[in-house]
Amino acid sequence: DVKVTQSSRYLVKRTGEKVFLECVQDMDHENMFWYRQDPGLGLRLIYFSYDVKMKEKGDIPEGYSVSREKKERFSLILESASTNQTSMYLCASSLFGDLPNNEQFFGPGTRLTVL
Amino acid sequence: GDSVTQMEGPVTLSEEAFLTINCTYTATGYPSLFWYVQYPGEGLQLLLKATKADDKGSNKGFEATYRKETTSFHLEKGSVQVSDSAVYFCALSEGDNAGKSTFGDGTTLTVKP
């Protein structure tokens with residue numbers, strides 16, 4: 001069974017802390033994505049990566065950075081956490097390219113609370 | 001750019017009622033269309049998909065038909081169950097976006113016994 005796993009289901013951090021959210025996929029997918037999900041705002045893309053060491057900004061990259069040192073792992077970094085980054089964070093992966101069935105596979109999410 | 005507009009929720013139905021969740025899209029090319037479902041406390045999972053005009057995707061009693069002339073992909077189910085309570089997301093993916101998808105805002109469905 002294909003899987004995307006995220007390092008924590010729930011996380012509580014303090015304002016100003018550096019926060020790492022880890023995501024691992026076992027499907028050999030080229031693409032990986034980080035979204036945040038907030039009530040009434042749907043899914044918003046933070047960053048995505050289409051290859052090792054490659055990254056592109058999504059719609060809301062401010063306050064975040066990412067790292068992709070290995071194909072299966074994509075990390076989201078909050079350099080200095082703030083209360084407005086309290087949210088559900090979802091990682092996803094997909095194949096790269098012009099493919100008609102290019103669905104995304106999602107992890108279970110990390111609910112981050114910044115106090 | 002691409003966009004997806006979903007029927008606003010929340011939607012509350014009684015068990016065995018008929019469900020329709022509307023979805024329309026704007027795209028520059030010929031996208032693939034998807035419905036994802038998110039059960040409480042979980043990530044999204046693919047419910048069904050369609051890759052070209054007039055294709056019908058179906059799964060678990062849910063259906064949606066890719067209508068190019070009306071740029072729509074409405075989700076339907078003939079008889080909902082309590083276990084269908086979830087958030088439903090319509091999405092599209094275009095080949096030139098290299099695997100990126102555009103998602104609607106989600107529609108929350110609650111089914112009461």
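Notes on the structure in this doc start here. Note that this is a predicted model, so its numbers are computed, not measured.

1. Quick word on the overall build of chain A
Point 1. Each helix and strand in chain A was counted, giving zero helices and 11 strands.
Point 2. Reading the secondary structure of chain A in the N-to-C direction produces β-β-β-β-β-β-β-β-β-β-β.
Point 3. On the principal axes, the C-alpha backbone points of chain A span a range of 40 × 30 × 25 Å.
Point 4. Out of the 115 residues in chain A, the part that is buried amounts to 49%.

2. What about the packing of aromatic side chains?
All names here are of chain A.
Point 1. Per the counting criterion, the structure on display carries 12 aromatic pairs over all chains.
Point 2. With a centroid separation of 5.9 Å and 20° between ring planes, the pair formed by Phe 33 and Phe 48 is classed as stacked. With a gap of 15 residues between them, Phe 33 in strand 4 (residues 31-38) and Phe 48 in strand 5 (residues 42-49) connect regions that are remote in the sequence. Both residues of the pair, Phe 33 and Phe 48, belong to the buried class.

3. Details of the pairing of strand 5 of chain A
Residue and element names in this part refer to chain A.
Point 1. Across the eight residues of strand 5, seven count as buried, placing the element largely inside the fold.
Point 2. The antiparallel pairing of strand 4 with strand 5 creates a hairpin that spans three residues between the two strands, and Gly 40 there sits at a positive phi of about 80°.
Point 3. Direction of pairing for strand 5 relative to strand 6 (residues 56-57): antiparallel, over a ladder of two bridges. Along strand 6, the bridge assignment pairs Phe 48 with Glu 56.
Point 4. Where strand 5 folds back onto strand 6 in an antiparallel hairpin, the turn is made up of six residues, including Lys 53, whose phi is positive at roughly 65°.

4. Thoughts on the sheet that holds strand 7 (residues 56-59) of chain B
Residue and element names in this part refer to chain B.
Point 1. Strand order in this open sheet of four strands is 3-9-8-7, and the pairing throughout is antiparallel. Looking at the sheet topology across the chains shown, the edges are occupied by strand 3 (19-21) and strand 7. Taken pair by pair, the neighbouring strands of this sheet meet at an average axis angle of 15°, ignoring direction.

5. Description of the interface of chain B and chain A
By a widely used convention, the size of an interface equals the accessible area lost when the partners come together.
Point 1. Taken together, the contacts link 20 residues of chain B with 24 residues of chain A.
Point 2. When chain B packs against chain A, the two sides together hide about 1700 Å² of surface, and 54% of this comes from carbon and sulfur.
Point 3. At the boundary of chain B with chain A, the tally comes to one salt bridge.
Point 4. For the pair chain B and chain A, the interface holds five residue pairs in polar contact (both at pLDDT 80 or more).
Point 5. Taken together, the elements giving at least two residues each to the side of chain B that touches chain A come down to strand 5 (32-38), strand 6 (44-50), strand 10 (86-93) and strand 11 (101-103) of chain B.
Point 6. Ranked by residue count, the leading element in the side of chain B that touches chain A is strand 5 of chain B, at four residues.
Point 7. Among the residues forming the side of chain B that touches chain A, the class breakdown is seven nonpolar, nine polar and four charged.

6. Quick look at the pattern of salt bridges
Point 1. Using the criterion set out here, one finds 10 salt bridges over all chains in the structure.
Point 2. A salt bridge links Lys49(B) to Glu103(A); the nearest nitrogen and oxygen atoms lie 3.1 Å apart. Of this pair, Lys49(B) sits in strand 6 while Glu103(A) sits in the loop between strand 9 (87-94) and strand 10 (105-106), placing the two residues on different chains.
Point 3. Between Asp84(B) and Lys77(B) there is a salt bridge, with its nearest N and O atoms 2.8 Å apart.
Point 4. Within the structure, one salt-bridge network assembled from shared partners comprises Arg36(A), Asp38(A) and Arg44(A).

7. Points about the side chain of Gln25(A)
Residue and element names in this part refer to chain A.
Point 1. Mapped onto the elements, Gln 25 comes out in strand 3 (residues 19-25).
Point 2. Here the side chain of Gln 25 touches Met 27 through a polar contact of 3.0 Å, landing on its backbone nitrogen.
Point 3. Not counting residues within four places of it along the chain, the set of residues in contact with Gln 25 comprises Lys 3, Val 4, Met 32, Arg 68, Lys 71, Glu 72 and Ser 93.

8. Observations regarding the sheet that holds strand 3 of chain A
Each strand in a sheet pairs with its neighbour through backbone hydrogen bonds, running either in the same direction (parallel) or in the opposite one (antiparallel).
Residues and elements named next belong to chain A.
Point 1. Pairing is antiparallel in the open sheet, where four strands are placed in the order 1-3-8-7. Here the strands that pair on one side only, and so sit at the sheet edges, are strand 1 (4-6) and strand 7 (64-70). Taking each pair of neighbouring strands and ignoring which way they run, the sheet shows an average axis angle of 20°.
Point 2. As paired strands, strand 3 and strand 8 (residues 73-78) are joined by six bridges and run antiparallel to one another. Within strand 8, the residue paired with Glu 22 across the bridge is Ser 75.

How each quantity is defined
Residues numbered from 1 in each chain as written. Chains lettered and ligands numbered in written order. Predicted model: local features only at pLDDT ≥ 70, side-chain atom pairs only at ≥ 80, totals over all residues. Heavy atoms only, no water. Helix = DSSP H or I, 4+ residues; strand = E, 2+ residues; numbered from the N terminus. Buried < 20%, exposed > 50% of the residue type's maximum accessible area, 1.4 Å probe, protein only. Phe/Tyr/Trp six-rings, centres within 6.5 Å; stacked < 30°, edge-to-face > 60°. Pairing = 2+ DSSP bridges. Axes fitted to C-alpha atoms, helices over the stretch in contact; angles between N-to-C directions. Contact = heavy atoms within 4.5 Å. Buried area = accessible area lost by both parts, 1.4 Å probe. Salt bridge = Lys/Arg side-chain N within 4 Å of Asp/Glu carboxyl O. Polar contact = N/O pair within 3.5 Å; in protein donor to acceptor, adjacent residues only side chain to side chain. Nonpolar A, V, L, I, M, F, W, Y, C, P; charged D, E, K, R; others polar.

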